[in-house]
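# Structural characterization, general
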Amino acid sequence: MNKTVESFLALVRAGLWEQDFPILTYGEPDFGGILKLAREQSVQGLVAAGLEHVTDMKIQKTDAVPFMKAVLRVEKYSEAINQFVSELFLDMDKEGMKSVLIKGQGVAQCYERPLWRSVGDVDLLVEKENYQKIRDFLLQKASLAVVEVDAKKHLAMEFGRFTVELHGLFHTDFSSRIDSVIDQIQEGIFKEGRIRLWDNGGTMVPLPAPDDDIIIVFTHFIGHFYVGGVGLRQISDWCRQLWTFREKIDLGLLRKRLEMMDLAQEWQAFASFAVDYLGMPREAMPFYEESRRLKRRARKILSLVLHTGNFGHNKDESYRRKHTKRISDIITLIKRVGEFIRLSTIFPSKAPGYFWTYVRRRDDRAAEYF
């Protein structure tokens, strides 16, 4: 790591846990480089919060202003999307349509400053039997339908400046074992009422119960890690969630589910990453182990996270505009091969098998994109 990356990570840690620290330990900070990394990883709010905890220098106004402008944009958009979520759930409730908000603004409530978490899409999980009915209802209100994957019962829609993703299934692209556990969780949410409620400005928005939500968030970012790229925002979500519910987590159930999904390796590697680089308290990280092997994996994960950026922010996708879809798909597949080769240096017993499952599933359903 260079000094800019070290300073950036120190600010992320300070913002994530609201802790004071001396930034000059890492040398004179390059605030321009730090802001660039914050944008790539979608953690502008965490870094801005971290700046308030610097103890050994006074941040000059010219250095602080770009961060504050960025975080004010995040805060304003967060307020707007929270209002949109409230109206959306009220509309659906009037029609007797049940859905649960997953990830996103629900997880944001685990942060000390929820409005400073960078905003993504609005993800709705519904019973697969009700997917078509709710899909048709939302399409009447949407300004644009973006893409639908029938095999996954997944539709992305635009509502003005907000994107809503409807999930009748929340399957991955690379593991039927993971999908099976997610199916069980989805059934429990709707058949057994395993939810918690978020009071969003007077509107009670259903969220998954903590034990289920942890699996949803973890498997989602692991999916992006293996296919496309994961950023610090997604891993930070997982950390804040584990911290918030640290006294409520059923560790026996969590261990059983990780074993069923064959994700114990990934959990422990990312646990090491969270503790070593994001300052996650060891006592709050389930199944954390101190080992050189896991620390090596954590270092490689950091390198990959910085390389790809949040949701593959740093990847060059310009070829898609230059070539036909068929040629673009071939280029994408070649790129995916290279990505899985790099992933195999971290999880050599897992990544090759996941790659073939990924290719087979994409081919079987003739997906719109690789």
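You'll find the structure just up there.
What counts, and where the lines are drawn
- Residues numbered from 1 in each chain as written.
- Predicted model: local features only at pLDDT ≥ 70, side-chain atom pairs only at ≥ 80, totals over all residues.
- Heavy atoms only, no water.
- Pairing = 2+ DSSP bridges.
- Helix = DSSP H or I, 4+ residues; strand = E, 2+ residues; numbered from the N terminus.
- Axes fitted to C-alpha atoms, helices over the stretch in contact; angles between N-to-C directions.
- Contact = heavy atoms within 4.5 Å.
- Buried < 20%, exposed > 50% of the residue type's maximum accessible area, 1.4 Å probe, protein only.
- Parallel < 35°, antiparallel > 145°, perpendicular 65-115°, else oblique.
- Left-handed = near helix turned anticlockwise from the far one by under 90°.
- Nonpolar A, V, L, I, M, F, W, Y, C, P; charged D, E, K, R; others polar.
- Expected span 1.5 Å × (residues − 1).
- Polar contact = N/O pair within 3.5 Å; in protein donor to acceptor, adjacent residues only side chain to side chain.

## Section: the sheet that holds strand 5 (residues 162-167)
With mixed pairing, 5 strands are arranged side by side in an open sheet as 1-2-5-4-3. Sheet topology places strand 1 (100-102) and strand 3 (144-149) at the edges, where each strand pairs with a single neighbour. On average, each strand axis in the sheet is tilted by 25° relative to the strand beside it, whichever way the strands run. Strand direction decides the pairing type here: strand 1 and strand 2 (residues 122-125), joined by 3 bridges, are antiparallel. Each bridged residue has a counterpart across the sheet, and for Ile102 the counterpart in strand 2 is Asp123. Packing of helix 6 (residues 131-141) onto the sheet brings it into contact with strand 2, strand 3, strand 4 (154-159) and strand 5, and relative to strand 4 it is tilted by some 20°.

## Considerations on the side chain of Asp179
Its place among the elements puts Asp179 in helix 7 (residues 176-191). Among the residues examined, Asp179 registers a relative accessible area of 4% and is labelled buried. Sequence-distant contacts of Asp179, defined by excluding residues within four places in its chain, comprise His171, Thr172 and Arg361.

## Describing the packing of helix 4 (residues 61-94) against helix 6
What describes two packed helices is the angle between their axes and the distance between those same axes. Packing of helix 4 against helix 6 brings their axes to within 12 Å, and their N-to-C directions diverge by 130°. By the angle between their directions, the pair helix 4 and helix 6 is classed as oblique. Every pair of crossing elements has a handedness; the one defined by helix 4 and helix 6 is right-handed. Only Ile134, Phe137, Leu138 and Lys141 of helix 6 make contact with helix 4, whose side of the interface consists of Leu88, Asp91 and Met92. Partitioning the contact of helix 4 with helix 6 into residue classes produces 5 nonpolar, no polar and 2 charged.

## Notes on helix 1 (residues 3-17)
Every α-helix carries 3.6 residues per turn, so stepping three or four residues along brings you back to the same face. In this model, helix 1 (15 residues) spans 21 Å end to end at C-alpha, consistent with the 21 Å of a helix rising 1.5 Å per residue. Regarding helix 1, the residues found buried are Thr4, Val5, Ser7, Phe8, Leu9, Ala10, Leu11, Val12, Ala14, Gly15, Leu16 and Trp17. On its buried face, helix 1 sits against helix 2 (31-41), helix 3 (44-51), helix 9 (232-244), helix 11 (264-278) and helix 12 (292-308). Sitting at the head of helix 1, Asn2 places a side-chain oxygen 3.0 Å from the backbone nitrogen of Thr4. At the C-terminal side of helix 1, Glu18 shows a positive phi close to 55°.

## Overview of unusual backbone geometry
Of note, the phi angle at Lys103 is positive, near 60°, even though the residue is not glycine. Along the chain, the position of Lys103 falls in the loop between strand 1 and helix 5 (104-108). Not every positive phi belongs to a glycine, and Lys153 is a case in point at roughly 45°. Counting through the fold element by element, Lys153 comes out in the loop between strand 3 and strand 4. Among the residues examined, Lys153 registers a relative accessible area of 28% and is labelled partly exposed.

Nothing here speaks to function; it is geometry throughout.
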